[in-house]
Amino acid sequence: MDAVSRTTLGDRVYERVHDAIIRGEIPAGTEINQVELANNLGVSRVPVREALRRLQAERLLDANPFQRYVVTKLSREQVLELFDLRQTLETFATLRARSRPKYLDVDLPAARAAASAMDLGMSAEEWLQADMQFHRSLHGRGSAVSTIIDEVRFRIYRYVHLAAPDLPRRKEVLAEHQAILKAVERGDEDEIRAEIEAHVGHTRDRLVRMSWVEDGSEHPGA
């Protein structure tokens, strides 16, 4: 990682380390050397400690009593459990948002626009950001549960991110987004629930099909 500028140091260090963890550049189980990290980024240890505490609060890092930070390591079962949680949260968020006044006039068009902005040729990072924008729009402006959903997605994304780009799956995702939008427009709660559960479940099933070591390895074999 390159050195960062000296403006908003805590935020910048947080972003660098956060992205490195999500991309798998810092594997699960790795202990973060605060002195080495500060030297690599060209900052003091103060913004480093601030960033690491934020990452600990987001459950991307664990810390022992001696303030040694280690990248969180999840078992296969824990990752699959988080996918189930994401299904539940996204269904709740969408149904709740759908019941709000002006949702069909404001939030649903924003979700449609976000879905249309997704392109098959995007990089993995661009695809993630565009996909998250779609789901945030679907959940409505100012949705409190979106923050929780983002945390869950970040915790499991690194496992998906390490897989090779899958063009057929991306095509499925675009089709699934359209199916969700149509269900939301119709307002059928059972249909909305079914489409969201299928959408999240297909990504979870893709991980299950991979050669994934049971000890929680970060490399699901893409």
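A short tour of the structure in this document, coming up. This structure is a prediction, so every number in the text was calculated from the model and none was measured.

### Here's the deal with the sheet that holds strand β2 (residues 61–63)
Logical step 1: In space, the 3 strands of this open sheet follow the order β1-β3-β2, with antiparallel pairing throughout. A single partner strand is all that each edge strand has here, and the edge strands are β1 (31–32) and β2.
Logical step 2: Contacts between helix α3 (residues 45–57) and the sheet are confined to β1, β2 and β3 (69–71), with β2 contributing the most and set at about 105 degrees to the helix.

### Here we look at the packing of aromatic side chains
Logical step 1: Taken as a whole and judged by the stated rule, the model has 0 aromatic pairs.
Logical step 2: In this structure, Arg 54 is placed above the aromatic ring of Tyr 14, and the distance from its NZ or CZ to the ring centre is 3.8 Å.

### Quick notes on helix α5 (residues 103–117)
Logical step 1: With 15 residues, α5 should reach 21 Å at 1.5 Å per residue; the first-to-last C-alpha distance of 20 Å fits that figure.
Logical step 2: Turning to α5, its buried residues number three or more, namely Tyr 103, Asp 107, Leu 108, Ala 111, Ala 114 and Ala 115.

### Digging into the side chain of His 18
Logical step 1: Of note, His 18 is situated in helix α1 (residues 9–22).
Logical step 2: On the basis of relative accessibility, which here comes to 7%, the residue His 18 falls in the buried class.

### Thoughts on the nonpolar core
Logical step 1: Among the nonpolar cores identified, the biggest contains 28 residues, and Val 79, Phe 134, Leu 138, Leu 181 and Val 184 are the most heavily contacted of them.
Logical step 2: Listing elements by their share of this core, those giving two or more residues are α4 (76–98), α5, α6 (124–138), α7 (144–161), α8 (167–186) and α9 (189–209).
Logical step 3: Sort the elements by how many residues they give to this core and α4 lands first, with 7 residues.
Logical step 4: Setting aside anything within four residues of it in sequence, one finds Leu 181 in contact with Leu 108, Ala 111, Arg 112, Ala 115, Phe 134 and Leu 138.
Logical step 5: In terms of nonpolar packing, the next biggest core, distinct from the first, is built from 25 residues, Tyr 14, Ile 32, Leu 61 and Tyr 69 among them.

Basis of the calculations
Residues numbered from 1 in each chain as written. Predicted model: local features only at pLDDT ≥ 70, side-chain atom pairs only at ≥ 80, totals over all residues. Heavy atoms only, no water. Pairing = 2+ DSSP bridges. Helix = DSSP H or I, 4+ residues; strand = E, 2+ residues; numbered from the N terminus. Contact = heavy atoms within 4.5 Å. Axes fitted to C-alpha atoms, helices over the stretch in contact; angles between N-to-C directions. Phe/Tyr/Trp six-rings, centres within 6.5 Å; stacked < 30°, edge-to-face > 60°. Lys NZ or Arg CZ within 6 Å of the ring centre and 35° of its normal. Expected span 1.5 Å × (residues − 1). Buried < 20%, exposed > 50% of the residue type's maximum accessible area, 1.4 Å probe, protein only. Core = buried A, V, L, I, M, F, W, Y, C linked by side-chain atoms within 4.5 Å.

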